[in-house]
Protein chains: 2
Amino acid sequence: MRDVAVVGIGIMKWGELWEKSFRDIFAEAALNALDDAGVDKIDSLIVGCMTGGLFVGQEHVGAVMADYIGQKYIPAAHVESACASGGLAFRQAYIEVASGLSDIVMAGGVEKMTDVSGDGATYALATAADQDYEVFHGVTFPGLYAMMARTYMKKYKATRQQLSAVPFKNHQNGMKNPYAQYPFPIKLEDVENGVLVADPLHILDCSPITDGAAAVILTTVDIAKKLKKPIIKIIGSGMATDTLALHQRESTTWLKSTELAGQRALKMAGKKLDDINLVEVHDCFSIAEIIVTESLGFFKPGMGAKAAADGVTALDGKIPVNTSGGLKSKGHPVGATGIGQIVEIVKQLRGEAENGRQLKGSPKVGMTQNMGGSGASAVVHILEVA
Amino acid sequence: MRDVAVVGIGIMKWGELWEKSFRDIFAEAALNALDDAGVDKIDSLIVGCMTGGLFVGQEHVGAVMADYIGQKYIPAAHVESACASGGLAFRQAYIEVASGLSDIVMAGGVEKMTDVSGDGATYALATAADQDYEVFHGVTFPGLYAMMARTYMKKYKATRQQLSAVPFKNHQNGMKNPYAQYPFPIKLEDVENGVLVADPLHILDCSPITDGAAAVILTTVDIAKKLKKPIIKIIGSGMATDTLALHQRESTTWLKSTELAGQRALKMAGKKLDDINLVEVHDCFSIAEIIVTESLGFFKPGMGAKAAADGVTALDGKIPVNTSGGLKSKGHPVGATGIGQIVEIVKQLRGEAENGRQLKGSPKVGMTQNMGGSGASAVVHILEVA
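Residues numbered from 1 in each chain as written. Chains lettered and ligands numbered in written order. Predicted model: local features only at pLDDT ≥ 70, side-chain atom pairs only at ≥ 80, totals over all residues. Heavy atoms only, no water.

Visitor: What is the right way to look at the overall build of chain A in this model?
Guide: The helix and strand tally for chain A stands at 14 helices and eleven strands. Sequence-distant contacts, at least 24 apart, represent 78% of the contacts inside chain A between residues at least 6 apart. When the accessible area of chain A is evaluated, it comes to approximately 12100 Å², of which 53% is carbon and sulfur surface. The averaged location of the 42 negative side-chain charges in chain A is 7 Å from the averaged location of its 37 positive side-chain charges. (Helix = DSSP H or I, 4+ residues; strand = E, 2+ residues; numbered from the N terminus. Contact = heavy atoms within 4.5 Å. Areas by Shrake-Rupley, 256 points an atom, 1.4 Å probe, with all protein chains shown as cover. Lys, Arg positive; Asp, Glu negative; His and termini not counted. Charge placed at Lys NZ, Arg CZ, Asp CG, Glu CD.)

Visitor: Mind showing me how you'd approach the interface of chain B and chain A here?
Guide: Chain B puts 61 residues into the contact, and the matching count from chain A is 61 residues. Carbon and sulfur atoms make up 53% of the area that chain B and chain A hide from each other, which totals about 4800 Å². Seen at the junction of chain B and chain A, the total is four salt bridges. Measuring nitrogen to oxygen at the nearest pair gives 2.9 Å for the salt bridge that ties Arg23 of chain B to Asp130 of chain A. (Buried area = accessible area lost by both parts, 1.4 Å probe. Salt bridge = Lys/Arg side-chain N within 4 Å of Asp/Glu carboxyl O.)

Visitor: Sorry, what's going on with the relation of the copies chain B and chain A here?
Guide: Superposing chain B onto chain A takes a rotation of 180 degrees combined with a translation of 0.0 Å along the rotation axis, leaving an RMSD of 0.0 Å. Considering both components of the superposition, the chain copies are consistent with a two-fold axis. The fraction of interface residues of chain B whose copies in chain A are also interface residues reaches 100%, indicating that both copies meet through the same surface. (Least-squares fit on C-alpha atoms with pLDDT ≥ 70 in both.)

Visitor: Which parts of the structure should I look at to understand the confidence of the model for chain A?
Guide: Interpretation of the predicted coordinates at a detailed level should be avoided for regions scoring low in pLDDT. Per-residue pLDDT for chain A averages 97, and the proportion of residues at 70 or more is 100%. We note a pTM of 0.98 for the whole complex and an ipTM of 0.98 for its interfaces. (pLDDT = per-residue confidence, 0-100.)

Visitor: Quick question: what am I supposed to make of the packing of aromatic side chains here?
Guide: Two numbers describe a pair of aromatic rings. These are the distance of the centres and the angle of the planes. In this structure the tally under the stated criterion is six aromatic pairs over all chains. Between Tyr182 of chain A and Phe184 of chain A the ring centres are 5.8 Å apart and the planes differ by 45 degrees, which places this aromatic pair in the tilted class. For Phe184 of chain A, a relative accessible area of 39% gives the class partly exposed. Lying over the aromatic face of Tyr73 of chain B, Lys256 of chain A brings its terminal NZ or CZ to 5.9 Å of the ring centre. (Phe/Tyr/Trp six-rings, centres within 6.5 Å; stacked < 30°, edge-to-face > 60°. Buried < 20%, exposed > 50% of the residue type's maximum accessible area, 1.4 Å probe, protein only. Lys NZ or Arg CZ within 6 Å of the ring centre and 35° of its normal.)

Visitor: What is the right way to read unusual backbone geometry from this model?
Guide: Glycine aside, negative phi is the norm for most residues, and most peptide bonds take the trans geometry. Residues and elements named next belong to chain A. The residue after Asp199, namely Pro200, is reached through a cis peptide bond having omega 10 degrees. With respect to the element layout, Pro200 can be found in the loop between β5 (196-198) and β6 (201-202). With a phi angle near 85 degrees, Tyr73 is a residue other than glycine that sits in the positive phi range. Position of Tyr73 among the secondary structure elements: in the loop between α3 (61-68) and β3 (76-80). A relative accessible area of 22% means that Tyr73 is categorised as partly exposed. Positioned with a positive phi, Lys228 is a non-glycine residue whose angle comes to about 55 degrees. A relative accessible area of 73% places Lys228 in the exposed class.

Visitor: Honestly, the pattern of salt bridges in this entry has me stumped. Any pointers?
Guide: When charged atoms on two side chains of opposite charge get close, those side chains can pair. Residues and elements named next belong to chain A. Inspection of every chain in the model, using the stated rule, returns 40 salt bridges over all chains. Among the salt bridges present, the one from Lys112 reaches Asp211, with a minimum N-O distance of 3.2 Å. Taken as a pair, Lys112 in strand β4 (residues 104-112) and Asp211 in strand β7 (residues 211-220) lie far apart in primary sequence, 99 residues in all. Across the pair, Asp211 and Lys112 agree in class, each one buried.

Visitor: Can you walk me through the environment of Leu17 of chain A in this structure?
Guide: Residues and elements named next belong to chain A. Locating Leu17 in the fold gives a position in the loop between β1 (4-11) and α1 (22-37). Among the residues examined, Leu17 registers a relative accessible area of 8% and is labelled buried. Residues Leu17 and Lys226 lie 209 residues apart in sequence; the distance between their C-alpha atoms is 37 Å. Beyond its immediate sequence surroundings of up to four residues, Leu17 is in contact with Met12, Ile25, Lys112 and Asp211.

Visitor: Sorry, what's going on with the side chain of Ser81 of chain A here?
Guide: Take Ser81 of chain A: it is sitting in the loop between β3 and α4 (85-99). Relative accessible area serves as the criterion here: at 2%, Ser81 of chain A is assigned to the buried category. What Ser81 of chain A contacts, discounting residues up to four positions off in sequence, is Leu88, Met239, Gly372 and Ser377 of chain A together with His60 and Ala76 of chain B.

Visitor: Would you explain the nonpolar core in this entry?
Guide: Ranked by internal contacts, the top residues of the largest apolar core, which has 280 residues, are Leu45 of chain A together with Leu45 of chain B. For Leu45 of chain B, the residues in contact, after removing those within four places along its chain, are Phe26, Gly62, Met65, Ala66, Ile69, Ile74, Pro75, Ala76, Ala77 and Met106 of chain B. (Core = buried A, V, L, I, M, F, W, Y, C linked by side-chain atoms within 4.5 Å.)

Visitor: Looking at this model, I keep getting lost on the environment of Thr159 of chain A. Mind explaining?
Guide: Residues and elements named next belong to chain A. With respect to the helices and strands, the residue Thr159 is situated in the loop between α6 (141-156) and α7 (160-174). For Thr159, a relative accessible area of 33% puts it in the partly exposed group. C-alpha separation for the pair Thr159 and Val334, spaced 175 residues apart in sequence, amounts to 29 Å.

Okay, here's the thing in structure tokens:
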């Protein structure tokens, strides 16, 4: 397999983008990525999107986006793994460049969620859960994660305030991210005082509905050198799946797919967890970030909530988590989220993170963890400054 | 890139499968493929499906299918390129094995179309066309292909009877395929006497709504030798896109994406068209098969209709097209169609085609052409007996 690097990143302001269409928002991020890489032609495009069909009545997403970014006639694929669609797009693009088939590939992600018609955003998102054994019976994602949170709190005696520390910390980071949907701080007590969504989860425990896109350019390390761009190498890629239905798993306070994806990525990279300087994880709900950091191995089971409350995952903590603001503050346009994570890691490794959220001490190795549904799929990548 | 072969094929009876669920039909085809290959564990799964979200309320298709075929925890991806989703799945699986990342990968395709809820199958299929510039204004796929047919007939003075020759020939082949949805012959005059769908296309010019799945197992040629299975090598893979909207193309009687995908596959394979012994093409409508055979280069522009009428594409013709019965007789479960084409080519190259439709003279090289929408994406593969 050839060595592959990220040489261009593109993002745009995420939020409720009523004045911009599905293809508009993708094109904005994609053209930013091309500009950043200094290339005007790509060999292939991979787009992560959860369900253009349900959100905006548009499938055939690869072809439409290839045309709208001025790259008509190239091969273009749309990939889906629910909220991990962006991470999957990055993985498929990595494989395509590593294989030798294509030299310059764009991995993008996009979702236009706010002007959904038909049965609405909650129905569209619920297609990531098990239609036969969960959704049909009325469960939604806030309900599933609430059950995980309730079990976790009982099992490990975790407190409401410990849970609140996750969104509090992510808004502290996101207020420094000019592309975030909610770039403002919240108070710790705001979380438990917010509207109850699914007990014990309140509104600020939950990531928002977002329109947004992100894109990155992958190429071989050899070509990257000629482009004279900072070379951020992809040294590990791991993916794993699990049962869709939460009740079919051995534990509801552990994410086996995240554990396996992390181990596979570390093995490929030849790294240990101690080598990782920062990580972007999938905090679709506050409890998700806690269980993910444990399943990746950063903290022992039951210690993730305490670690967040103690500041271990803060910008100046031992292992900074979600320096971008995470899904909570930055927004969660589901298909774009995994690519947004890569954008943040590349910025941090280049030393380009905005507004004082750049980590001190020149981070060298970053990790992303993107997951689908209640954890039925997970994609982990490890990037390193070359 | 490593040499890759198909070592297992699995299909099931396509049709209106009211008694079987989305995951049931995929599992049936997938387990048949595993049995055929003689393997019980795969490294990775790629599933082509156009829109599980709109048809059955289920996305996260890779993860759910990995679990239901007994392969929990593996990496699993769902890919989409409208009706070319199956061909795309095969291409992505090929790239993954060729890259060296995975040794044994299943490429599958599935669609459960008949028990669609919400806005119905026509709306779901229309998401393959341009939502902003076509669908919103009321055009559907029979309408788009009717415009292509009308223009073709006027431009080349093609006759109604020449168009009818395509479904007539495909039912002649499909009556010999035990897995076909409509395994019976039709009379040439049945086509023009059928219900008018979109002038000049009658009901028998159109492929049906189908529930179905297919799956194949890809591995390296080295591993294939150890499995002691017939080795059918993948020697060419080409993909191309075009504008989604038909009116934005230079010609409505030519499929540029098919032309480019074919050229790219032939170039990779180091073959000429004369080397191809048979081809499975995307006859979603009678006119589609005609324009596709021309765009691939088998016939000069305007000569495809005459060739079909003259029997050049029949089972005993110079270049047999759709020996399986094609989408018309075999059925068109959109995400599965591209994998179904691979299954037929592998059967023919192994000499295993059922009921007297096996080509004489031991065919050595076969081609598949799978396309999305009105041709905004096309995937071409070339397979050869090793």
